[in-house]
Amino acid sequence: MSKKIKTGLLAYLLFPIAVLGRDERPVRDTVPKGHHKSAAKAIKVQYGVASFYANKFEGRKTYTDEIFSQKKLTAASNTLPMHTWVRVTNLRNHRTVVVKINDKMHPRNKRLIDLSHAAAKKLGYTGRGLTKVRIDVLGKKKPAEAEEGSLTKDQ
């Protein structure tokens, strides 16, 4: 056998091992596998745009099998793990609200968080629809500063 054929055959046999057998390491800016669990640990503060749920979701099940209500202080996020408590601050007027993440948004949605109408009302942006926010991750345990989770008629 000629040297050229041996080299070609050897390359043909070793190519899948050399390329496909390698461990792929994520690029620094990519989201790691299982990002819902590790994102909250790595990122304690996030900045982005918040919106609020449309009324058509009232009474539907969330990702965590809870029934969605516009009166509860809950939110949806694609970057935070489920059952995480977060403090959301409206950067326009500096109002804050503590909400629990219990749903996911559509994967193509570029917004950081989608709040219930009650939470959006506390932040004061229901007339605008969108606002810039800061999110502080508080953890899995309900914080003392969290309110009961529903609005009464006098609020």
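Going by the structure above, here's the rest.
No experiment lies behind these values; they were computed from the predicted model shown.

A. How the structure looks around the overall build of the protein. Counting secondary structure elements, the protein contains 3 helices and 6 strands. When its helices and strands are written in sequence order, the protein yields α-α-β-β-β-β-β-α-β. A buried classification covers 34% of the 155 residues belonging to the protein. Across the protein, contacts joining residues at least 24 apart in sequence account for 74% of those joining residues at least 6 apart.

B. Summary view of the pairing of strand 3 (residues 85–90). Counting buried residues along strand 3, 5 of its 6 residues qualify, which places the element largely inside the surrounding structure. Relative to strand 4 (residues 96–103), strand 3 runs antiparallel, the two being bridged by 5 bridges. Within strand 4, the residue paired with Val88 across the bridge is Val97. Between strand 3 and strand 4, which follow one another and run antiparallel, lie 5 residues, and His94 among them has a positive phi close to 65 degrees. Both strand 3 and strand 6 (residues 131–139) contribute to a ladder of 6 bridges, which runs antiparallel. Residue pairing for strand 6: Thr89 is matched across the bridge by Arg134.

C. Looking closely at the packing of aromatic side chains. Taken as a whole and judged by the stated rule, the model has 3 aromatic pairs. Judged by centre distance (5.8 Å) and plane angle (75 degrees), the rings of Tyr53 and Phe57 are edge-to-face. Taking the relative accessible area as the measure of exposure, Phe57 reaches 30% and is therefore partly exposed. Three or more aromatic residues link up through ring pairs in this structure, and these residues are Tyr53, Phe57 and Phe68.

D. Seen up close, a nonpolar patch on the surface. A contiguous nonpolar patch, built from Val45, Tyr47 and Leu91 and spanning about 270 Å² of accessible area, is present on the exposed surface. Judged by relative accessible area, which is 53%, Tyr47 ranks as exposed.

E. Spotlight on the environment of Lys122. As for its placement among the helices and strands, Lys122 is situated in helix 3 (residues 117–123). Overall, Lys122 belongs to the partly exposed group, its relative accessible area being 23%.

F. How the structure looks around unusual backbone geometry. A positive phi angle, close to 65 degrees, is found at Asp65, a residue other than glycine. Structurally, the position occupied by Asp65 is in the loop between strand 1 (45–52) and strand 2 (74–76). Of note in this structure, His94 is not a glycine but carries a positive phi near 65 degrees. Judged by relative accessible area, His94 falls into the exposed class, the value being 60%.

G. Here's a closer look at the side chain of Asp136. Along the polypeptide, Asp136 turns up in strand 6. We classify Asp136 as buried; its relative accessible area is 10%.

H. Spotlight on the sheet that holds strand 3. Pairing in this closed barrel of 6 strands is mixed, and the strands run 1-5-2-4-3-6 around the ring. Between one strand and the next, the sheet's axes are offset by a mean angle of 45 degrees, whatever the strand orientation.

Quick notes on the rules
- Residues numbered from 1 in each chain as written.
- Predicted model: local features only at pLDDT ≥ 70, side-chain atom pairs only at ≥ 80, totals over all residues.
- Heavy atoms only, no water.
- Helix = DSSP H or I, 4+ residues; strand = E, 2+ residues; numbered from the N terminus.
- Buried < 20%, exposed > 50% of the residue type's maximum accessible area, 1.4 Å probe, protein only.
- Contact = heavy atoms within 4.5 Å.
- Pairing = 2+ DSSP bridges.
- Phe/Tyr/Trp six-rings, centres within 6.5 Å; stacked < 30°, edge-to-face > 60°.
- Patch = residues over 30% accessible without salt bridge, like charges linked within 9 Å, V, L, I, M, F, W, Y side chains within 5 Å.
- Areas by Shrake-Rupley, 256 points an atom, 1.4 Å probe, with all protein chains shown as cover.
- Salt bridge = Lys/Arg side-chain N within 4 Å of Asp/Glu carboxyl O.
- Axes fitted to C-alpha atoms, helices over the stretch in contact; angles between N-to-C directions.

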